[in-house]
Amino acid sequence: MGKKAIVALLSTTLILTGCGGGNKDGKKEDTKNVDEAEKNKFSTIVENDEKAIEGGTLQAVIATESAFKGVFSNEFQEDAFDSQLNDIALGALFTTDADFNITNDGAASLELDKEAKKATIKINDNVKWSDGEPLKAEDLIYSYEVIGHKDYTGVRYNADMTNIIGMEEYHNGKADTISGIKTISDKEIEISFEEVSPSLLVAGGGIWNSAMPKHYLKDVAIKDLQSSDKIRKNPVGFGPFVITNVVPGESIEYLPNEYYYKGKPKLDKIILNRAIPTAVVEGLKGGKYDVAILMPTEIYPTYADLENVTVLGREDFAYSYLGFKQGKWDSEKDEVVTDPKAKMADVKLRQAMGYAIDKKAIGQEYYSNLRVEATSLIPQLFKDFQNDDIKGFPYDPEKAEKLLDEAGYKDVDGDGIREDKDGKPLEIKFLSRSNGEEAEALSEYMMQEWEAIGLKVTLSSGRLVEFNSFYDKIKADDPDVDVYFGAWSVGSDPTPTGLYGRDAAFNYTRFASKELDTLLKNIASSKSFDLEYKNNAFKEWQEYMMDEAVVVPMLNYYEVLPVNKRVKGLDWSRGGTNSLSWEKIELTAEEPLK
């Protein structure tokens, strides 16, 4: 279909829906494509020489079509929305530099003994919870005990956690404590590992970057923690602000944490609301919002040139992908079970669907070139680990048709649609979410491209699905889902075990193999302290994943942050305790500028 067809399809959908972004003739407004030079000019720091007022209330907004879940716990939250909300209040143990290495000047310090396979974590002076209680060693350990417990309801129990000596025995109920974690003092713990790797130095591999207030939560059964009021309504953290009022799914009020170890924040209050992206744009124009978090790039032209707003930008940890369901999750064994007879088990079928989509055109026409074609499952941010020999799945419909022919998917009855290898009707169920104005157009484009190579692909549930329901269906291995269009962030550690490992709950495609086990183990091994070995291990894993095509990379992300020009002191640079340096933000006027 290509670029022109994408534009035409988007225009048609805008006429049918009546959404913003089109003119009276129903044509899509000119796309504001951002070239590489312009991307390089994006700043991550707000420049403001105006004199700051005393205190003030920051008006923040998170741009999303769906209500946020509001799981105010790093141990239980699963999505980018809750992660952003938690960033303001919960606190992180470690600060990092621009290369994401732990710097030891945050709430805690890390010392790694590679020979002994041990890490020592020491809480720095004056770190307290928002209720005034000191952060203790038992709080660090409690996070591991919760994640490793058999009744834990979150998704963080994976190979990183089982790398800790004694974790599996604890998880299986054979021990009451985790033998590899020891208390040295009230402020210090020691963790022993089966294997040490560079991931430990970037808060991965079994180093958890958070803590849980044991004194506050210990009376709540672990199976009830995730839904408890102590997490959903009245959380206790050690970040710069405190959550004081929650309207579930819609808004949060934050007040300064008077016990914050870096000193009291400069703002009097933060009010954060949820709004759909088009409403956020109108709010930015009208001086309603100061900071717009997770602003979609598909409507970038509508807010790029606002005179009262500065738009910050940077490369993102995230990428989008097509995931092909291969099996189910075994909750008894806590691992994936791959079904060799799954509908999407044929690698050539998966590869064909990857080649059928023009990802470069989508990035240019749909996301203003702020998303670019991805060639592997390592985000562009981690250039050292990318395999430049891999080209991903560039647009090639002829190759896609040839692959289907070779695999035995033939059009038996001459209706233009291929049957399966046994000559029976083949219908592939596609799950896509209602993410912004043009999500329907993008989904229709992808299905039409698949139809052009002879595949009948229809929407799971017959419609686009909102964010929370989308991931509920994927996690439940809904039989009505064969392929889905997903996205996620790898965080500061690109090691893929937590997303693609056999025991990773985030392994939503449910694919595992002995070869994949070995490749992931190589990346996470102590040999990876040798940079050449580590790079080769990453590259071999990427090659294997491209060959298998269980996950087809679609687009690498840039992220943008619109900021009202009354804001001062905001630093969005990589590294640091939190992503926006909330405690440093000031205001230069009583209300957002219009």
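Look above for the structure.
None of these values were measured; they are calculated from a predicted model.

Asks: Lay out unusual backbone geometry with the relevant residues and their values.
Replies: Even without being glycine, Ala 203 reaches a positive phi, approximately 60 degrees. Relative to the helices and strands, Ala 203 is located in the loop between strand S5 (188-192) and helix H7 (214-217). On the accessibility criterion, Ala 203 (22% relative accessible area) is partly exposed.

Asks: Describe the pattern of salt bridges, listing the residues and the values that go with them.
Replies: Using the criterion set out here, one finds 23 salt bridges in the structure. In this structure, Asp 224 engages Lys 223 in a salt bridge whose closest nitrogen and oxygen atoms are separated by 3.3 Å. You can call Asp 224 partly exposed: its relative accessible area is 33%. With a shortest N-O distance of 3.1 Å, Lys 348 and Glu 406 are connected by a salt bridge. Of the two residues, Lys 348 sits in helix H10 (residues 347-355) while Glu 406 sits in helix H12 (residues 397-407), which places them 58 residues apart along the sequence. On the basis of relative accessibility, which here comes to 29%, the residue Lys 348 falls in the partly exposed class. When salt bridges with common partners are traced through the structure, they connect Arg 314, Glu 559 and Arg 574 into a single cluster.

Asks: Explain the packing of helix H16 (residues 514-523) against helix H17 (residues 531-548) to me, and be specific about the residues and the numbers.
Replies: Packed helix pairs are specified by the crossing angle of their axes together with the interaxial distance, meaning the distance between the axes. The interhelical angle for the contact between H16 and H17, taken along N-to-C directions, is 155 degrees, at an axis separation of 8 Å. Between H16 and H17, the crossing angle belongs to the class labelled roughly antiparallel. Of the two elements, H16 crosses H17, and the hand of that crossing is left-handed. On H17, the residues touching Glu 515, Leu 516, Leu 519, Leu 520, Asn 522 and Ile 523 of H16 are Tyr 533, Ala 537, Phe 538, Glu 540, Trp 541, Tyr 544 and Met 545. Of the residues that constitute the contact of H16 with H17, the class distribution is ten nonpolar, one polar and two charged.

Asks: Would you mind going over the sheet that holds strand S2 (residues 108-113) in detail, with residue names and values included?
Replies: Read across the open sheet, the four strands follow the order S2-S3-S5-S4; overall the sheet is antiparallel. Only two strands of the sheet have a single neighbouring strand rather than two, namely S2 and strand S4 (181-185). Neighbour to neighbour, the strand axes of the sheet diverge by 20 degrees on average, direction disregarded. As judged from the five bridges shared by strand S3 (residues 118-123) and S5, these two strands associate in the antiparallel manner. Paired with Lys 118 across the bridge in S5 is Ser 192.

Asks: I'd like to hear about the side chain of Glu 419, residue by residue, with values.
Replies: Note that Glu 419 resides in the loop between H12 and strand S14 (427-431). Nearest to the buried, unbridged Glu 419 among oppositely charged side chains is Arg 418, at 8.8 Å. A polar contact of 2.7 Å, which involves the side chain of Glu 419, links it to the backbone nitrogen of Val 412. With near-sequence residues (within four places) excluded, Glu 419 lies in contact with Tyr 409, Lys 410, Asp 411, Val 412, Asp 413, Lys 424, Pro 425 and Leu 426.

Asks: Give me the environment of Val 247: which residues, what numbers.
Replies: For Val 247, the position within the fold is in strand S6 (residues 241-247). Along the backbone, Val 247 and Asn 273 are 26 residues apart, and their C-alpha atoms lie at a distance of 9.2 Å.

Asks: Can you tell me about the nonpolar core, naming the residues and giving the values?
Replies: The biggest cluster of nonpolar side chains holds 110 residues, and the ones touching the most others in it are Trp 450 and Leu 570. When neighbours within four sequence positions are excluded, Trp 450 is seen to be in contact with Leu 322, Met 353, Ala 356, Ile 357, Phe 430, Leu 455 and Val 457. Counting 48 residues, the second-largest nonpolar core is a separate cluster that includes Ile 102, Trp 129, Tyr 142 and Ala 211.

Asks: Please provide a residue-by-residue account of the pairing of strand S10 (residues 309-324), values included.
Replies: With 15 of its 16 residues buried, S10 lies for the most part within the structure. As paired elements, S10 and strand S17 (residues 551-564) share twelve bridges and run antiparallel to each other. Each bridged residue has a counterpart across the sheet, and for Thr 310 the counterpart in S17 is Val 563. When S10 meets strand S16 (residues 483-489), the two strands line up antiparallel, connected through seven bridges.

Asks: Can you tell me about the packing of aromatic side chains, naming the residues and giving the values?
Replies: Applying the stated rule across the entire model yields 23 aromatic pairs. Judged by centre distance (5.7 Å) and plane angle (75 degrees), the ring pair of Trp 488 and Tyr 500 falls under edge-to-face. In this pair, Trp 488 sits in strand S16 while Tyr 500 sits in helix H15 (residues 497-500), placing the two residues twelve residues apart along the sequence. On the basis of relative accessible area, Trp 488 is assigned to the buried category, the value being 11%. Residue classification places Tyr 500 among the buried residues on the basis of a relative accessible area of 3%.

Asks: Give me the lowdown on the pairing of strand S8 (residues 269-275), citing residues and values where you can.
Replies: Here seven bridges tie strand S1 (residues 57-63) to S8, and the two strands are oriented parallel to one another. If you follow Val 61 over to S8, its bridge partner there is Asn 273.

Asks: Go over helix H3 (residues 80-87) with me, naming the residues and quoting the values.
Replies: Quick reminder: α-helices carry 3.6 residues per turn. Residues three or four places apart thus point the same way. Across the eight residues that make up H3, a large majority, six, are buried. Looking at H3, one finds that the buried residues are Phe 81, Asp 82, Gln 84, Leu 85, Asn 86 and Asp 87. Along its buried surface, H3 packs onto S1, strand S7 (251-256), S8, strand S9 (291-293) and helix H14 (467-475). Where H3 starts, the residue carrying a side-chain oxygen 3.0 Å from the main-chain nitrogen of Phe 81 turns out to be Asp 79.

Asks: Give a detailed account of a negative patch on the surface, specifying residues and quantitative values.
Replies: Where like charges cluster on the molecular surface, the negative patch consists of Asp 388, Asp 389, Glu 515, Glu 540, Glu 543 and Asp 547. With respect to the helices and strands, the residue Asp 388 is situated in the loop between strand S13 (371-373) and H12. Asp 388 sits in the exposed class, given a relative accessible area of 60%.

Asks: I'd like a rundown of the packing of H10 against H17, residues and numbers included.
Replies: Running from amino to carboxyl end, H10 crosses H17 at an angle of 95 degrees, the nearest separation of the two axes being 8 Å. As summarised for this structure, H10 and H17 are arranged roughly perpendicular, according to the angle between their axes. Contacts between H10 and H17 involve Val 347, Arg 350 and Gln 351 from the first element and Met 546, Asp 547 and Glu 548 from the second. Broken down by class, the residue content of the contact of H10 with H17 amounts to two nonpolar, one polar and three charged.

Asks: Quick one: what's the story with the side chain of Arg 510, residue by residue and with numbers?
Replies: Within the secondary structure, Arg 510 is located in the loop between H15 and H16. A distance of 3.2 Å separates a polar atom in the side chain of Arg 510 from the backbone oxygen of Ala 505. A polar contact of 2.9 Å, which involves the side chain of Arg 510, links it to the backbone oxygen of Asn 507. Once residues lying within four places of it in the same chain are set aside, the contact partners of Arg 510 are Lys 325, Gln 326, Gly 327, Lys 328, Trp 329, Val 336, Val 337, Thr 338, Ile 474, Lys 475, Asp 477 and Ala 505.

Here is what the cut-offs are and how they apply
- Counting of residues starts from 1 at the beginning of each chain's written sequence and follows it residue by residue.
- Per-residue local features are limited, in this predicted model, to residues with pLDDT of at least 70; the limit for side-chain atom pairs, both in listing and counting, is 80 or more; totals at the level of whole chains, interfaces and linings are taken over all residues.
- With hydrogens and water stripped out, all remaining heavy atoms of the structure feed into the side-chain values.
- Numbering of helices and strands starts at the N terminus; helices are DSSP runs of H or I of at least 4 residues and strands are runs of E of at least 2.
- Here's how the labels work: a residue is buried when its accessible area is under 20% of the maximum for its type, exposed when over 50%, partly exposed in between, all with a 1.4 Å probe on protein chains only.
- Any carboxyl oxygen of Asp or Glu within 4 Å of a side-chain nitrogen of Lys or Arg constitutes a salt bridge here.
- Between the N-to-C directions of two axes lies an angle of 0 to 180 degrees, each axis being a line fitted to C-alpha atoms and, for a helix, fitted only over the stretch in contact.
- For classification, angles of less than 35 degrees are called roughly parallel, those exceeding 145 degrees roughly antiparallel, those between 65 and 115 degrees roughly perpendicular, and all remaining angles oblique.
- Note: crossing handedness is left-handed where the near helix turns anticlockwise from the far helix by less than a right angle, and right-handed where it turns clockwise.
- Contacts are assigned to residue pairs with any non-hydrogen atoms lying within 4.5 Å of each other.
- Throughout this entry, Asp, Glu, Lys and Arg are counted as charged residues, while Ala, Val, Leu, Ile, Met, Phe, Trp, Tyr, Cys and Pro are counted as nonpolar. The remaining residues, Gly among them, count as polar.
- Following DSSP output, two strands are said to pair if at least two bridges run between them.
- His is not counted, nor are the chain ends; Lys and Arg add positive charge and Asp and Glu add negative charge.
- We define a polar contact as two N or O atoms separated by no more than 3.5 Å, with the added condition that, inside protein, one atom must be a possible hydrogen donor and the other a possible acceptor, whereas residues neighbouring each other in sequence contribute only through side-chain atom pairs.
- Side-chain atoms within 4.5 Å link the members of a nonpolar core, which is a set of buried Ala, Val, Leu, Ile, Met, Phe, Trp, Tyr and Cys residues.
- Only rings of Phe, Tyr and Trp enter the pairing, Trp through its six-membered ring, and a pair is recorded when the two centres are within 6.5 Å. The plane angle decides the type: under 30 degrees is stacked, over 60 is edge-to-face, the rest tilted.
- Patch membership needs two things, relative accessible area over 30% and no salt bridge, and members are linked within 9 Å if like-charged or within 5 Å if nonpolar (Val, Leu, Ile, Met, Phe, Trp, Tyr).
- Using a 1.4 Å probe, the Shrake-Rupley method yields the accessible areas, and only the shown protein chains count as cover for residues.
- Here the site of a charge means NZ on Lys, CZ on Arg, CG on Asp, or CD on Glu.

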